[in-house]
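The lines below spell out each chain.
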Amino acid sequence: MTTEAFSKRIVASGLLDIYVATSFFATLIFFVLNSNVYTPLEMISGVVLVTIAFKSVANMVLSMTISLVNLENEQDAIEFEKSSSKLESLVSDLAIQEASVQSMKNSKE
């Protein structure tokens, strides 16, 4: 669950998409500037293949980032939040029970 939230934040940041878009436009500019050397078919296939390659590199970087980042502190914080909320609910239940017992005593008197 922690890993899923972390990976969603990385993907939502758009950093990997910017990386792929930059590589796409850099490759496109390269082929436009060297258009007298390459045929249109070579340009299109080069742009497509380079974009696919950079997208796969971006996915590998995402996988390595997720696997190498230590998320134990975040998981401990989530467990602490769950435990503290459970304890708070138990304390509030106990306070309600004590209030009902006190009201029963007051009504009997």
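Residues numbered from 1 in each chain as written. Predicted model: local features only at pLDDT ≥ 70, side-chain atom pairs only at ≥ 80, totals over all residues. Heavy atoms only, no water.

1. Comments concerning the overall build of the chain
Defined as follows: Strands here are runs of E lasting at least two residues and helices are runs of H or I lasting at least four, both read from the DSSP assignment and numbered beginning at the N terminus. Atoms counted for the radius of gyration: C-alpha only. Globule rule: 2.2 Å times residue count to the power 0.38. We call a residue buried when its accessible area falls under 20% of the maximum for its residue type, exposed when it is over 50%, and partly exposed in between, using a 1.4 Å probe and counting protein chains only.
Scanning the chain for helices and strands turns up four helices and zero strands. Along its sequence from the N terminus, the chain presents helices and strands in the succession α-α-α-α. Against the 2.2 N^0.38 benchmark of 13 Å for 109 residues, the chain shows a C-alpha radius of gyration of 29 Å, more extended than a compact globule. With respect to the principal axes defined by its C-alpha atoms, the chain has extents near 105 × 25 × 15 Å. Counting the 109 residues in the chain, one finds 16% classified as buried.

2. What to know about helix H3 (residues 40–68)
Here is the rule we go by: How far a helix is expected to stretch is found by multiplying one less than its residue total by 1.5 Å.
Its 29 residues place the ends of H3 42 Å apart at the C-alpha level, agreeing with the 42 Å of an ideal helix rising 1.5 Å per residue. Regarding H3, the residues found buried are Met43, Gly46, Val47, Thr51, Ala58 and Leu62.

3. A short note on the nonpolar core
Just so we agree on the cut-off: Only buried Ala, Val, Leu, Ile, Met, Phe, Trp, Tyr and Cys residues count toward a nonpolar core, and they belong to the same one when joined by side-chain atoms within 4.5 Å. Residue contacts are counted whenever heavy atoms from the two residues lie within 4.5 Å of one another.
Among the nonpolar cores identified, the biggest contains six residues, and these are Phe6, Ile10, Leu16, Val20, Ala58 and Leu62. For this core, the secondary-structure elements that each account for two or more residues are helix H1 (2–13), helix H2 (15–33) and H3. Filtering out sequence-adjacent residues up to four positions away, Leu16 remains in contact with Ile10, Ala58 and Leu62.

4. Points about the packing of aromatic side chains
Note the following rule: Side-chain rings of Phe, Tyr and Trp, where Trp is taken by its six-membered ring, are said to pair if the distance between their centres is within 6.5 Å; with planes under 30 degrees apart they count as stacked, over 60 as edge-to-face, and otherwise as tilted.
Taken as a whole and assessed by the stated rule, the structure comprises five aromatic pairs. With a centroid separation of 5.3 Å and an interplanar angle of 65°, the aromatic rings of Phe30 and Phe31 are classed as edge-to-face. Centroid distance Phe31 to Tyr38: 5.0 Å. Interplanar angle 85°. Geometry classified as edge-to-face. By relative accessible area, which is 29% here, Tyr38 ends up partly exposed. What links up through ring pairs into an aromatic cluster is the set Phe30, Phe31 and Tyr38.

5. Quick look at the pattern of salt bridges
Filter applied, for reference: Salt bridges are counted wherever a side-chain nitrogen of Lys or Arg sits within 4 Å of a carboxyl oxygen of Asp or Glu.
Applying the stated criterion across every chain, the model contains one salt bridge. Across the pair Asp17 and Lys55 runs a salt bridge whose closest N-O atoms are separated by 4.0 Å. Pair noted here: Asp17 is in helix H2 and Lys55 is in helix H3, with a separation of 38 residues, a long-range link. What makes Lys55 partly exposed here is its relative accessible area of 36%.

6. Details of the confidence of the model for the chain
Applicable threshold: Values of pLDDT, which run from 0 to 100, indicate the predictor's confidence residue by residue.
Mean pLDDT for the chain: 86, with 95% of residues reaching 70 or above. When mean pLDDT is compared element by element in the chain, H2 scores highest at 91, while H1 scores lowest at 77.

7. Describing the packing of H2 against H3
Axis angle and axis distance: for two packed helices, these are the angle between their axes and the distance between the axes, and together they describe the pair. Note the threshold: Fitting a line to C-alpha atoms yields each axis, with helices limited to the stretch in contact; the angle taken between N-to-C directions then spans 0 to 180 degrees. Angle categories: roughly parallel below 35 degrees, roughly antiparallel above 145, roughly perpendicular from 65 to 115, and oblique for all the rest. In this scheme the handedness of a crossing depends on how the near helix is turned from the far one: anticlockwise by less than a right angle means left-handed, clockwise means right-handed. All residues other than Ala, Val, Leu, Ile, Met, Phe, Trp, Tyr, Cys, Pro, Asp, Glu, Lys and Arg, Gly among them, are scored as polar; the first ten of these are nonpolar and the last four charged.
Two elements in contact, H2 and H3, have axes separated by 9 Å at closest approach and are oriented at 155°. Classified by the interaxial angle, the pair formed by H2 and H3 is roughly antiparallel. Judged by the sense of rotation from one axis to the other, the crossing of H2 with H3 is right-handed. For the pair H2 and H3, the contacting residues are Leu16, Asp17, Tyr19, Val20, Ser23, Phe24, Thr27, Leu28 and Phe31 in the first and Glu42, Met43, Gly46, Val47, Val50, Thr51, Phe54, Lys55, Val57, Ala58 and Leu62 in the second. Of the residues contributing to the contact of H2 with H3, the split by class is 13 nonpolar, four polar and three charged.

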